[in-house]
Amino acid sequence: MQQPIGIFDSGLGGLTVANAVQKALPQERIIYFGDAAHLPYGDKSAATIQAYSVKICDVLLSKNCKAILIACNSASAAAYELIKAYVGSRAHVMNVIDPVISFLFEKYQGRKVGLIGTKQTVGSNVYAHKLADQAPSISFAALATPLLVPMIEEGFHNNSISEVIIHQYLSDETLNGIEALILGCTHYPLIQSQIEDYYQHRVDVIDASQIVAASFAEMLAEKELKSTGKSEPNAFLVSDITPSFERAASLFFGHKVHLEKHMLWE
Ligand code: DGL
């Protein structure tokens, strides 16, 4: 099916997920929407995130997207059920949390797993509830690490400053005894190797974007929605733009992207 896929996030961090999706599905055309005018979502209320997410879905549906992937953990936690009901049969909606729950169910029964994410993601308790429901033998601990997003956005990753902050967070006793740590935020793949260094490879550090991309590809195949080839290039829409954005976008996506401004409210 030659329609594009829509991927959205509060800003540019979701391009880590878009990158993983593009690698898993090179023939798919991506329409990415980054709500840079309203980021961060991680500190906002569920109601506000839901309102923005509905507007973004309107944009993606107007571009004829056959499937919508909520790349943002905070929006997946706060708005997935609402978005799914809102979009209805117009497109398939997926979040970044359910594929991780299935992965944990398969690999970590009876073990302790940790998660780091924004205040919204951790405070929503969505992971905890889903695990209690679907994989109750997994013991789960979550820690909000709100400084990591601004730290990464300001270019502090893989240096001594990020090392101190990561160390401070990960030494929190909440995470004692974990055997795996889920990176529950779009930005964290950029500090994955520093987190692995902290744990000296004694803990599995799980990049959710890879799991999500594989599961999204499976879903398209199952529903017979896969494209055979791209007829147009990807589009990267943002609700606000500054001169530094394209550089940041290239960092998250892994190669150069051209951003187009698209207001959420006309
Ligand atoms: N995209 C958000 C997430 O994955 C992080 C940035 C934000 O707080 O908006 O939770």
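Residues numbered from 1 in each chain as written. Predicted model: local features only at pLDDT ≥ 70, side-chain atom pairs only at ≥ 80, totals over all residues. Heavy atoms only, no water.

Enquirer: What's the story with the pairing of strand S7 (residues 180–183) in this structure? I'm lost.
Expert: Along a regular strand, successive side chains alternate from one face of the sheet to the other. The two faces of S7 match: Ala180 and Ile182 on one face and Leu181 and Leu183 on the other face are all buried. The sheet contact formed by strand S5 (residues 112–117) and S7 spans four bridges and is parallel. Paired with Val113 across the bridge in S7 is Ala180. Across four bridges, the pairing between S7 and strand S8 (residues 204–207) is parallel. Its bridge partner lying in S8, Ile182 is registered against Ile206. (Buried < 20%, exposed > 50% of the residue type's maximum accessible area, 1.4 Å probe, protein only. Helix = DSSP H or I, 4+ residues; strand = E, 2+ residues; numbered from the N terminus. Pairing = 2+ DSSP bridges.)

Enquirer: What is the right way to read the site of the ligand from this model?
Expert: What surrounds the ligand is a group of 13 residues, the closest being Asp9, Ser10, Tyr41, Gly42 and Ser74. Ser10 places a side-chain nitrogen or oxygen 2.6 Å from an oxygen atom of the ligand. A distance of 3.1 Å is found between an oxygen atom of the ligand and a backbone nitrogen or oxygen belonging to Asn73. Summarising the interface, the protein chains cover 97% of the accessible area of the ligand, which totals 290 Å² for the free molecule. (Near = heavy atom within 4 Å. Polar contact = N/O pair within 3.5 Å; in protein donor to acceptor, adjacent residues only side chain to side chain. Areas by Shrake-Rupley, 256 points an atom, 1.4 Å probe, with all protein chains shown as cover.)

Enquirer: What is the right way to read the nonpolar core from this model?
Expert: Nonpolar side chains in soluble globular proteins tend to end up buried together. Val21, Ile116, Leu181, Ile195 and Phe216 are the most contacted members of the largest nonpolar core, which totals 55 residues. Top contributing element to this core by residue count: helix H10 (residues 208–222), with six residues. The contacts of Leu181, once residues within four sequence positions are left out, are Gly114, Leu115, Ile116, Leu170, Leu175, Ile195, Tyr199, Val203, Asp204, Val205 and Ile206. Listed in part, the 26 residues of the second largest apolar core include Phe33, Val54, Leu237 and Leu264. (Core = buried A, V, L, I, M, F, W, Y, C linked by side-chain atoms within 4.5 Å. Contact = heavy atoms within 4.5 Å.)

Remember, this is a structural readout, not a statement about activity or role.
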